[in-house]
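Commentary on secondary and tertiary structure
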Amino acid sequence: MARRFAALGASVVVCDVDDDGGAETVRLLQETGAVALFINCDVADANAVARLHDEIVSRFGRLDCAVNNAGIGGPWERIESYPRDGWERVLAVNLSGVFYCLQEQLKRMADSSGAIVNISSIAGKRGLPYQAAYTASKHGVIGLTRVAAQEAARCNIRVNAVCPVYTHTPLFEPMIADNPRRAEKMKERIPLRRFAHPQEIADTVTWLCSDQARFITGQALNVDGGMTA
Ligand SMILES: NC(=O)c1ccc[n+]([C@@H]2O[C@H](COP(=O)([O-])OP(=O)(O)OC[C@H]3O[C@@H](n4cnc5c(N)ncnc54)[C@H](O)[C@@H]3O)[C@@H](O)[C@H]2O)c1
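Residues numbered from 1 in each chain as written. Predicted model: local features only at pLDDT ≥ 70, side-chain atom pairs only at ≥ 80, totals over all residues. Heavy atoms only, no water.

Considering the site of the ligand
Of all residues adjacent to the ligand, which total 25 residues, the nearest are Asp16, Asp42, Tyr134, Thr167 and Thr169. Contacts to the ligand include Val43, whose backbone N or O atom sits 3.0 Å from a nitrogen atom. About the coverage of the ligand: the protein hides 84% of its 820 Å² of free accessible area. Listed by contribution, the elements that provide at least two residues to the shell around the ligand are α4 (84-109) and α5 (132-152). The residue makeup of the shell around the ligand, split by class, is 14 nonpolar, six polar and five charged. (Near = heavy atom within 4 Å. Polar contact = N/O pair within 3.5 Å; in protein donor to acceptor, adjacent residues only side chain to side chain. Areas by Shrake-Rupley, 256 points an atom, 1.4 Å probe, with all protein chains shown as cover. Helix = DSSP H or I, 4+ residues; strand = E, 2+ residues; numbered from the N terminus. Nonpolar A, V, L, I, M, F, W, Y, C, P; charged D, E, K, R; others polar.)

Examining the packing of α4 against α5
The N-to-C vectors of α4 and α5 enclose an angle of 15°; their axes lie 8 Å apart at closest approach. Classified by the interaxial angle, the pair formed by α4 and α5 is roughly parallel. Along this stretch, α4 crosses α5, giving a crossing that reads as right-handed. Contacts from Trp87, Val90, Leu91, Asn94, Leu95, Val98, Phe99, Leu102 and Leu106 in α4 reach Ala132, Ala133, Tyr134, Ala136, Ser137, Lys138, Gly140, Val141, Leu144, Ala148 and Ala152 in α5. Among the residues making up the contact of α4 with α5, the classes are represented as 16 nonpolar, three polar and one charged. (Axes fitted to C-alpha atoms, helices over the stretch in contact; angles between N-to-C directions. Parallel < 35°, antiparallel > 145°, perpendicular 65-115°, else oblique. Left-handed = near helix turned anticlockwise from the far one by under 90°. Contact = heavy atoms within 4.5 Å.)

A few points about the packing of aromatic side chains
As enumerated under the stated definition, the model contains four aromatic pairs in all. Relative to Phe172, the ring of Tyr166 lies with its centre 5.4 Å away and its plane at 20°, an arrangement referred to as stacked. A residue is classified by how much of its surface remains accessible, and Phe172, at 3% relative accessible area, is buried. Grouped by ring-pair contacts, the aromatic residues Tyr166, Phe172 and Phe195 constitute a single cluster. (Phe/Tyr/Trp six-rings, centres within 6.5 Å; stacked < 30°, edge-to-face > 60°. Buried < 20%, exposed > 50% of the residue type's maximum accessible area, 1.4 Å probe, protein only.)

Regarding the pattern of salt bridges
Evaluated as defined, the whole model comprises 13 salt bridges. Across the salt bridge formed by Arg27 and Glu24, the nearest N and O atoms sit 3.1 Å from each other. With Arg27 and Glu24 both in helix α2 (residues 19-31) and three residues apart, this pair spans about one turn of that helix. For Glu24, a relative accessible area of 37% gives the class partly exposed. For Asp42, the salt bridge goes to Arg89, with nearest N and O atoms at 3.4 Å. Here the residue Asp42 occupies a position in the loop between β2 (36-40) and α3 (46-60), and Arg89 occupies one in helix α4, the gap between them amounting to 47 residues. Connected via shared salt-bridge partners are Asp54, Glu104, Lys107 and Arg108. (Salt bridge = Lys/Arg side-chain N within 4 Å of Asp/Glu carboxyl O.)

Some remarks on the sheet that holds strand β6 (residues 220-223)
Strand order in the open sheet formed by four strands is β3-β4-β5-β6, with parallel pairing between adjacent strands. In this open sheet, the two strands that pair with only one neighbour each are β3 (65-68) and β6. Between one strand axis and the next, the sheet turns through 20° on average, direction left out of account. Pairing of strand β4 (residues 114-119) with strand β5 (residues 157-164), which is carried by six bridges, proceeds in the parallel orientation. (Pairing = 2+ DSSP bridges.)

Quick word on a negative patch on the surface
On the surface, Asp16, Asp18, Asp19 and Asp20 cluster together into a patch of negative charge. Take Asp16: it is sitting in strand β1 (residues 12-16). (Patch = residues over 30% accessible without salt bridge, like charges linked within 9 Å, V, L, I, M, F, W, Y side chains within 5 Å. Lys, Arg positive; Asp, Glu negative; His and termini not counted. Charge placed at Lys NZ, Arg CZ, Asp CG, Glu CD.)

Here's the deal with the state of the cysteines
Cysteine pairs can be linked by a disulfide, which is a covalent bond between their two sulfur atoms. Applying the stated rule across the entire model yields zero disulfides. Cysteine Cys41 remains unbridged, with the sulfur of Cys15 as its closest cysteine sulfur at 6.2 Å. (Disulfide = S-S within 2.5 Å.)

As structure tokens, this is what we get:
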């Protein structure tokens, strides 16, 4: 997503708890001549999220678009035995993280309009067994998106969610790495018969942030090869 925004001419601030990954992403962007900056931020820490947004505005003057993408999978367990610390951490990152980011972004976009995309999941539209925390957090992201869209519309700020199906990223690859049969069964549930590529999610996100999507707000758009159809 950072590369796609940079290719479209945006100055990009990359935020993550992973310093090496963030630095590598920024290096790739800068190699193409883009303006890019990495700032370490744990989105589960409200104070860190506020400092992050202060720094973005002090360096670049304003914030036009934001993508709230940080997320973790958490434990796989039945609800009866689901570890509570796992529950709390998944909700802290995936749901409170989006809430803290929205608070800071909406404040800073209020005078100038803007577009925000929150990354939910197909797990925001249906329950995934053994993934109670992830499913609850991603349903919550859609709820927050709908509230934010209605509250922010008067400032011409659009807020949407994107709900990807299984996508080839470091979060997903370990789930199928040692089980090709499982991967095939998962693909059978997707009418287009494959998993998503990160570029396909990025294209949707940048489109939602663009003027082409200027009348779209409060939506939770599935990018799922037809799975939820
Ligand atoms: N890959 C999939 O199949 C899939 C499907 C649907 C939705 N999603 C969602 O897409 C988003 C991106 O996931 P991904 O697949 O690229 O996973 P990923 O693990 O490759 O990337 C997630 C990034 O979030 C960062 N992160 C984790 N905790 C953080 C925190 N507390 N503060 C800041 N950064 C933090 C990680 O360091 C990592 O760089 C997530 O919200 C995920 O739930 C992924």
